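# Coordinate analysis (summary)
For reference, the chains in residue letters:
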Amino acid sequence: TREQYILATQQNSLPRTEHPQFYPVGIYGWRKRCLYFFVLLLLVTMIVNLAMTIWILKVMNFTVDGMGNLRVTKKGIRLEGISEFLLPLYVKEIHSRKDSPLVLQSDRNVTLNARNHMGQLTGQLTVGADAVEAQCKRFEVRASDGGKVLFSADEDEIVIGADRLKVTGTEGAVFGHSVETPHIRAEPSQDLKLESPTRSLVMEAPRGVQVSAAAGDLKATCRKELHLQSTEGEIFLNADTIRLGNLPMGSFSSSSSSSFSSSSPSSSAPRQTIYELCACPNGKLYLSPAGASSTCQSSSNICLWS
């Protein structure tokens, strides 16, 4: 008990301070000013960001259906007005409105590419300032209904499926090689002319060639020789009048003339000279009066008709 009393007396005898010291807790001084500055800067940034976002939404015309001229519908994406694409565009189908055309415009050219599942180029259509080029295995131009093929081209042949092919050029149509067609005709009241200025003109058909001029003349002109040849059949000339112009005339002897005049019933009747068309063995034709001697250089001649 004594020891406890002594300890209690010693503790009470310690000097006591009248004003106890307190240590403040928090941010004060320049740290507090920096914090307020950053908070104020963040608030200004948020206000500017919100204002810019509202301005962009207003300018770009953002709506629930899309933005600007772009509208997202159930059938796809719809663009109204003029649209510009700076990067490649990958779509499945492009079509315009029913009352307006579809216009693709570029400062240089417009190129449409088609690729297979491996990414290889299978078809290309380029529309440029100088030409329109198409690179594909087969090129076709169809009618408005999509059924009839009007024009098709591939590596082997070119097919024109129109009912009538019309060439309006002043020089006509020039073919470097053979032309195969079942019918060639000119327009009404126009002449049809087949001409080869420097080479020969050959018309061949396995079952015959028919040249007909229903309302005009048929004229065949050549510079050197005109050959009519039939290997197995005959050459048949059927007309009211057949004329062979510029044929040489045969000589007419006086003896044959006197014999011909004595045989006539009356000397005062008008006398008509009869000519014969004669052919020499070398193929030359000439006219000779009936009963006159031949002027052919060969020893024998053949009279076709008189």
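Below or above, wherever it landed, is the structure these notes cover. (Residues numbered from 1 in each chain as written. Predicted model: local features only at pLDDT ≥ 70, side-chain atom pairs only at ≥ 80, totals over all residues. Heavy atoms only, no water.)

## Structural notes on the sheet that holds strand E9 (residues 158-160)
- Taken together, three strands build an open sheet; the order of strands is E7-E8-E9 and the sheet is antiparallel. Whereas interior strands pair on both sides, the edge strands pair on one side only; in this sheet they are strand E7 (139-142) and E9. Averaged over neighbouring strand pairs, the angle between their axes works out to 10° when direction is ignored. (Pairing = 2+ DSSP bridges. Helix = DSSP H or I, 4+ residues; strand = E, 2+ residues; numbered from the N terminus. Axes fitted to C-alpha atoms, helices over the stretch in contact; angles between N-to-C directions.)

## Here's the deal with the sheet that holds strand E5 (residues 121-127)
- On the basis of which strands lie adjacent, the open sheet formed by three strands has the order E4-E5-E6 and antiparallel pairing. The sheet is open, and its two edges are formed by strand E4 (110-115) and strand E6 (132-135), each paired on a single side. For this sheet, the mean angle separating the axes of adjacent strands, direction not counted, is 10°.
- Relative to E6, E5 runs antiparallel, the two being bridged by four bridges. Paired with Gln 124 across the two strands is Gln 135, which belongs to E6.

## Brief notes about the packing of aromatic side chains
- Taken as a whole and assessed by the stated rule, the structure comprises two aromatic pairs.
- With a centroid separation of 5.9 Å and an interplanar angle of 65°, the aromatic rings of Phe 37 and Phe 38 are classed as edge-to-face. In terms of burial, Phe 37 and Phe 38 fall into one category: exposed.
- Judged by centre distance (6.5 Å) and plane angle (65°), the rings of Phe 139 and Phe 151 are edge-to-face. Pair noted here: Phe 139 is in strand E7 and Phe 151 is in strand E8 (residues 149-153), with a separation of 12 residues, a long-range link. (Phe/Tyr/Trp six-rings, centres within 6.5 Å; stacked < 30°, edge-to-face > 60°. Buried < 20%, exposed > 50% of the residue type's maximum accessible area, 1.4 Å probe, protein only.)

## Some words on the environment of Ile 94
- Structurally, Ile 94 can be placed in the loop between strand E3 (77-79) and E4.
- Taking the relative accessible area as the measure of exposure, Ile 94 reaches 49% and is therefore partly exposed.
- For the pair Ile 94 and Arg 78, spaced 16 residues apart in sequence, the C-alpha to C-alpha distance is 9.8 Å.
- The residues contacting Ile 94, other than those within four sequence positions of it, are Leu 89 and Leu 102. (Contact = heavy atoms within 4.5 Å.)

## Quick notes on the side chain of Thr 126
- Note on placement: Thr 126 falls in strand E5.
- Taking the relative accessible area as the measure of exposure, Thr 126 reaches 16% and is therefore buried.
- Ignoring anything within four residues of it in the chain, the contact list for Thr 126 reads Asn 109, Val 110, Thr 111, Ala 131, Val 132 and Glu 133.

## Here's the deal with helix H2 (residues 30-59)
- Here H2 is 30 residues long and its end C-alpha atoms lie 43 Å apart, about the 44 Å a rise of 1.5 Å per residue gives.
- Among the 30 residues of H2, zero are classified as buried, and the element is accordingly described as predominantly exposed.
- With its phi angle positive at about 60°, Asn 61 sits one or two positions after the end of H2. (Expected span 1.5 Å × (residues − 1).)

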